[in-house]
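# A look at the structure
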Amino acid sequence: MKKRSEIQDKYKWSFEDYFKNDDDWNKNFEQFSNEIYVISDFYGKLSEKKQILSCFRLIEKISIKAEALYIYANCLSNLDISNPKYQVYLSKIEQKLTEKNEISSFIEPQLSVLDDKFLDEMLKDKEFSDFTKILRDVKKSKKHTLSEEIEKLLSATGSFSSNFSSIFSNFEDGDLKYNLVKNSKGKDMKMSSSLAMIYLQSPDDTLRENAYKELQQAHGRFNNFLTSNYLGSVRKDAFYAKARKFNSSLESALFYEEVGENVYNNLVKNVEENLHLNQKYFEIKKRIYGLKQFKLSDLFFCPLKLKSKYSYDNAINIVCSALAILGDDYVDYIKFMSEKRMIDVFPTENKASGAYETMATKKTPRVLLNFVGTFNDLSTLAHELGHAMHSVYSNKHQSAVNSGYTIFLAEIASTVNEILLNDYMLKNAKNSDEKIYFINQFLSECYSTIFRQTMFANFEEIIHSKIEKNEDISTEIVNSIYFDLVKKYFGKKVKIFDEVKYEWSRIPHFYNEFYVYKYATGLISAINIVKNLMSGKISVQNYKKFLSSGCTDVPTELLKIVDVNFDTEEPFKTAFEYIEGKLKMLNSLKNKK
Ligand SMILES: [Zn+2]
């Protein structure tokens with residue numbers, strides 16, 4: 001792997017618009033460290049408009065600085081994880097942020113005792129227009145905010161209530177050991193979760209099957225332990241929901257995300273009505289891949305490979321052409337990002353793996369890639385640029401507080417770009433093999449993001465509700481609930497292994513209750529937006545307005561700007577029609593072999 005010094009500057013990050021240099025960072029850090037203590041001057045004064053406004057302005061100013069300090073330290077530490085220098089910067093800022101949160105923890109309880117009339121008055125007041133998200137949250141959460149004494153007690157439980165999740169990750173990353181797995185020649189192969197991902201893509205059917213089974217079985221050997229830990233976490237969620245006067249953990253999770261329960265229920269209902277599409281996909285794959293039977297261990301297997309590799313400069317050009325439909329200013333900003341060294345492109349020694357986008361309020365975005373030139377890398381580039389553009393538009397048009405968008409909306413702009421890229425590649429495909437490749441890419445995303453995540457969501461809901469209703473629950477019951485869901489989602493034609501009943505116990509997201517459904521609604525929203533843009537049902541201006549709206553309203557209201565209405569089942573129907581169309585296209589294509 002190359003050293004950073006071997007990479008041309010134009011492909012490496014510059015952070016000059018954040019801080020001129022490390023000294024500048026340190027100077028700003030000192031200022032920030034002193035400013036946080038001023039927050040406590042407002043203790044007991046938050047019943048008067050003028051004081052509230054000054055407090056909000058101060059918090060805004062401090063947060064803007066903190067974000068820039070944090071992102072500088074975090075990004076630079078990712079460029080060389082072996083160098084402790086920026087790790088030290090990072091822990092310094094993290095420590096101060098914790099302190100800042102402690103100092104400002106009185107603000108919400110003190111605002112929540114204000115009466116609704118007064119809160120409404122401020123919500124309508126132009127002077128407070130930069131802070132509507134805070135006021136909206138306070139007003140909404142009042143019913144569920146408890147007395148100062150109980151709030152204090154509840155926040156103290158945080159020190160041990162997060163243990164279920166850390167026990168799981170310590171087990172998964174440290175204690176869990178996999179047995180060797182045999183390949184088709186009888187050779188024993190080393191096994192780990194990352195090796196499993198390689199084996200599952202191997203042309204060796206025996207290796208795929210053995211790796212798949214061992215991936216589950218390794219967790220099955222700790223079945224009782226993992227079940228108790230997970231159920232402990234579910235009981236913890238139920239405890240907090242009850243303490244905060246919610247009827248269920250689901251209600252509580254959706255409440256803070258500002259999403260209605262009908263969205264969740266309609267997702268599960270509509271996915272279940274369309275499971276035949278999921279099953280049809282595996283049938284077509286079986287034929288195209290020339291398999292005798294489609295097994296769960298074949299999910300990641302794809303014998304079709306693209307011959308083309310992409311240079312980074314070419315990749316930027318392709319992405320810009322694919323996104324041309326979003327207008328000149330959108331594409332120009334991407335070129336600007338690329339020229340102004342906001343994208344750190346290539347893998348280098350000790351650079352963090354993966355890809356991400358990040359941006360401090362009122363600054364410019366940064367994208368980290370590990371680009372080696374595959375189509376996946378191209379897709380990742382388009383994806384991360386989508387995050388960047390969402391932040392850029394929201395930042396340009398909203399205040400610091402109102403510009404942050406919620407998780408429910410976070411994966412939409414990124415997947416819109418991925419779909420547009422896929423569509424562009426499909427239109428420019430040279431032969432049917434390439435067409436099959438691109439359609440399969442899209443449908444595989446639909447399987448893992450819509451069908452699989454909804455199956456997870458379904459599982460979570462059943463387990464949480466059993467715990468909340470004090471119904472019988474045991475390791476066997478949890479396993480069989482999961483196994484039955486897999487049977488239902490994959491149908492009779494896919495070969496299901498008994499070991500899959502342990503799969504639930506290796507999913508880290510279950511320790512973050514009712515999170516996964518947002519992946520599904522995100523992709524469903526993106527499909528709707530692309531369809532609406534292509535058909536002219538909405539204009540590019542509508543889409544930009546959506547991207548510019550931050551968190552100025554509840555997410556499902558903001559989605560109405562792009563004609564995606566989750567008060568109805570329409571978005572689901574539209575998405576499944578689109579998926580069905582792609583399935584028909586795939587089914588009509590014949591590959592060379
Ligand atoms: Zn993303």
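Just so it is clear, the structure is predicted and the values come from calculations on it, not from any experiment.

## Some words on the overall build of the protein
Along the backbone of the protein there are 26 helices and seven strands. Expected size for 593 residues packed as a compact globule is a radius of gyration near 25 Å; at 25 Å, the protein falls within 12% of this value. Overall size of the protein, expressed as C-alpha extent along the three principal axes, is 75 × 60 × 50 Å. Expressed as a percentage of its 593 residues, the buried residues of the protein come to 55%. Long-range contacts, defined here as pairs at least 24 residues apart, represent 76% of the contacts in the protein between residues at least 6 apart.

## Some thoughts on the coordination of the zinc ion
Coordination of the zinc ion by the protein comes from His383 (NE2), His387 (NE2), Glu411 (OE) and Glu411 (OE), over a distance range of 2.1 to 2.6 Å. Each of the four donor atoms around the zinc ion contributes to a set of angles spanning 53 to 139°, which defines the coordination as irregular. The sequence pattern formed by the donor residues of the zinc ion is H-x3-H-x23-E. One end of the pair, histidine 383, is in helix α17 (residues 375-397); the other, glutamate 411, is in the loop between α19 (407-410) and α20 (412-427), and 28 residues separate them in sequence. Taking the relative accessible area as the measure of exposure, histidine 383 reaches 14% and is therefore buried. Note on glutamate 411: relative accessible area 28%, which makes it partly exposed.

## Section: helix α11 (residues 223-243)
For α11, spanning 21 residues, the distance from its first C-alpha to its last is 30 Å, which sits close to the expected 30 Å at 1.5 Å a residue. Two residues or fewer past α11, lysine 245 is found with a positive phi of approximately 65°.

## Thoughts on the packing of helix α8 (residues 163-175) against α11
It is the contact of α8 with α11, at a shortest axis distance of 9 Å, that shows an interaxial angle of 155°. The angle between the axes of α8 and α11 places the two elements in the roughly antiparallel class. Crossing angle aside, the handedness with which α8 passes α11 is left-handed. Facing Phe164, Ile167, Phe168 and Phe171 of α8, the residues of α11 in contact are Phe225, Leu226, Asn229, Gly232, Ser233 and Lys236. The residue makeup of the contact of α8 with α11, split by class, is six nonpolar, three polar and one charged.

## Side note on the domain arrangement of the protein
Here the domain parsing of the protein yields domain 1 (14-161) and domain 2 (177-221). Just the C-alpha atoms count here: the centres of domain 1 and domain 2 sit 47 Å apart.

## Quick word on the nonpolar core
Counting 147 residues, the largest nonpolar core has Leu296, Phe459, Phe490, Ile527, Ile529, Tyr543 and Phe546 as the members making the most contacts within it. If one sorts the elements of this core by residue count, helix α21 (residues 432-468) sits on top with 16 residues. Ile39, Leu46, Ile107 and Leu119 belong to the second largest nonpolar core, which has 45 residues in total.

## Side note on unusual backbone geometry
Look at lysine 245: it is not a glycine, yet its phi comes out positive at around 65°. Structurally, the position occupied by lysine 245 is in the loop between α11 and α12 (249-257). Taking relative accessible area as the criterion, lysine 245 reaches 56% and is therefore assigned exposed. For phenylalanine 514, which is not glycine, the phi torsion reads 45° and is therefore positive. Tracing the backbone shows phenylalanine 514 in the loop between β7 (494-495) and α23 (517-535). On the accessibility criterion, phenylalanine 514 (3% relative accessible area) is buried.

## Focus: a nonpolar patch on the surface
Residues Ile167, Phe222 and Phe225 make up a contiguous nonpolar surface patch of about 230 Å² in total accessible area. Along the polypeptide, phenylalanine 225 turns up in helix α11.

## Considerations on the sheet that holds strand β5 (residues 356-358)
The strand order across the open sheet formed by three strands is β4-β6-β5, and the pairing between neighbours is mixed. Strands at the two margins of the open sheet, each flanked by one partner only, are β4 (343-344) and β5. Contacting β4, β5 and β6 (366-368), helix α2 (residues 49-79) crosses the sheet at an angle of about 155° to β5.

## Some remarks on the pattern of salt bridges
In total, this model carries 44 salt bridges according to the counting rule given. With a closest N to O distance of 3.3 Å, glutamate 257 and lysine 518 form a salt bridge. Of this pair, glutamate 257 sits in helix α12 while lysine 518 sits in helix α23, placing them 261 residues apart in sequence. Aspartate 563 is the salt-bridge partner of lysine 537, the closest N and O atoms lying 3.5 Å from each other. Taken together, the residues span a long stretch of sequence, with lysine 537 in the loop between α23 and α24 (540-547) and aspartate 563 in the loop between α25 (555-558) and α26 (570-588) at a distance of 26 residues.

## Concerning the side chain of lysine 518
Note on lysine 518: relative accessible area 10%, which makes it buried. Sequence-distant contacts of lysine 518, that is, excluding residues within four places in its chain, are made with Glu257, Ile407 and Phe408.

## Examining the packing of aromatic side chains
Per the stated rule, a full pass over the model turns up 53 aromatic pairs. Summarising the aromatic geometry, the rings of tryptophan 13 and tyrosine 356 are spaced 6.5 Å apart at their centres and angled 50° between planes, so their arrangement reads as tilted. Residue tryptophan 13 is found in the segment before α1 (22-35), and its partner tyrosine 356 is found in strand β5; the two are separated by 343 residues along the sequence. Taking relative accessible area as the criterion, tryptophan 13 reaches 7% and is therefore assigned buried. When the centroid spacing of 6.3 Å and the interplanar angle of 15° are considered together, the rings of tyrosine 230 and phenylalanine 459 count as stacked.

## Thoughts on the environment of serine 40
Counting through the fold element by element, serine 40 comes out in the loop between α1 and α2. In this structure serine 40 touches Ile103 and Phe106, once residues within four positions along its chain are discounted.

## A word on α21
The end-to-end C-alpha distance of α21 is 52 Å, a good match for the 54 Å that 37 residues give at a rise of 1.5 Å each. The sharpest bend along α21 measures roughly 25° and falls at tyrosine 447. Among the 37 residues that make up α21, 26 are buried, leaving the element largely enclosed by the rest of the structure. The N-cap of α21, judged by a side-chain oxygen 3.2 Å from the amide nitrogen of aspartate 433 a few residues on, is asparagine 431.

How each quantity is defined
- Residue indices begin from 1 for each chain and proceed along its sequence in written order.
- Under the rules for a predicted model, residues below a pLDDT of 70 receive no local features and side-chain atom pairs below 80 are neither given nor counted, while totals for whole chains, interfaces and linings still include all residues.
- Calculation of side-chain values draws on the structure's entire complement of heavy atoms; hydrogens and water are dropped beforehand.
- A run of H or I in DSSP counts as a helix once it spans at least four residues, and a run of E counts as a strand once it spans at least two, with each numbered from the N terminus.
- Only the C-alpha atoms count toward the radius of gyration. The rule for a globule is 2.2 Å times the residue count to the power 0.38.
- To sort residues, take the accessible area from a 1.4 Å probe on protein chains only and compare it with the maximum for the residue type: under 20% means buried, over 50% means exposed, and anything in between is partly exposed.
- Any two residues whose heavy atoms approach within 4.5 Å at even a single point are treated as in contact.
- Donor atoms are limited to N, O and S found within 2.8 Å of the metal ion, a distance that becomes 3.2 Å for Na, K and Ca. With water left out, some sites might look partial.
- Sites are called tetrahedral only when four donors show all angles between 85 and 135 degrees, square planar or octahedral only when four or six donors show opposite pairs over 155 degrees and all other angles between 65 and 115, and irregular in any remaining case.
- What a helix is expected to span follows from its residue count: subtract one and scale by 1.5 Å.
- As a rule, the C-alpha atoms of each element are fitted with a line to give its axis, helices using only the stretch in contact, and angles between N-to-C directions run from 0 to 180 degrees.
- In what follows, roughly perpendicular refers to angles from 65 to 115 degrees, roughly parallel to angles under 35, roughly antiparallel to angles over 145, and oblique to any angle outside these ranges.
- If you view the pair so one helix is near and one far, a crossing is left-handed when the near helix is turned anticlockwise from the far one by less than a right angle, and right-handed when it is turned clockwise.
- Polar here means any residue other than Ala, Val, Leu, Ile, Met, Phe, Trp, Tyr, Cys and Pro, which are nonpolar, and Asp, Glu, Lys and Arg, which are charged; Gly is therefore polar.
- The split of the chain into domains comes from an automatic or database domain assignment.
- Put simply, a nonpolar core is a bunch of buried Ala, Val, Leu, Ile, Met, Phe, Trp, Tyr and Cys residues held in one set by side-chain atoms that sit within 4.5 Å of each other.
- Residues enter patches when their relative accessible area tops 30% and they take part in no salt bridge; the joining distance is 9 Å for like charges and 5 Å for the nonpolar side chains Val, Leu, Ile, Met, Phe, Trp and Tyr.
- Per-residue and other accessible areas follow the Shrake-Rupley method at a 1.4 Å probe size, with only the shown protein chains counted as cover for residues.
- Any carboxyl oxygen of Asp or Glu within 4 Å of a side-chain nitrogen of Lys or Arg constitutes a salt bridge here.
- Strand pairing is assigned whenever DSSP identifies at least 2 bridges connecting the two strands.
- Stacked, tilted and edge-to-face pairs are distinguished by plane angle, under 30 degrees for stacked and over 60 for edge-to-face with tilted covering the rest, among Phe, Tyr and Trp rings (Trp via its six-membered ring) whose centres lie within 6.5 Å.
- What is called the bend at a residue is the angle between a pair of axes, fitted to the seven residues leading up to and ending at it and to the seven starting from it.
- Polar contact criterion, stated in full: a pair of N or O atoms within 3.5 Å, where within protein one must be able to donate a hydrogen and the other to accept it, and residues adjacent in sequence count only if both atoms are side-chain atoms.

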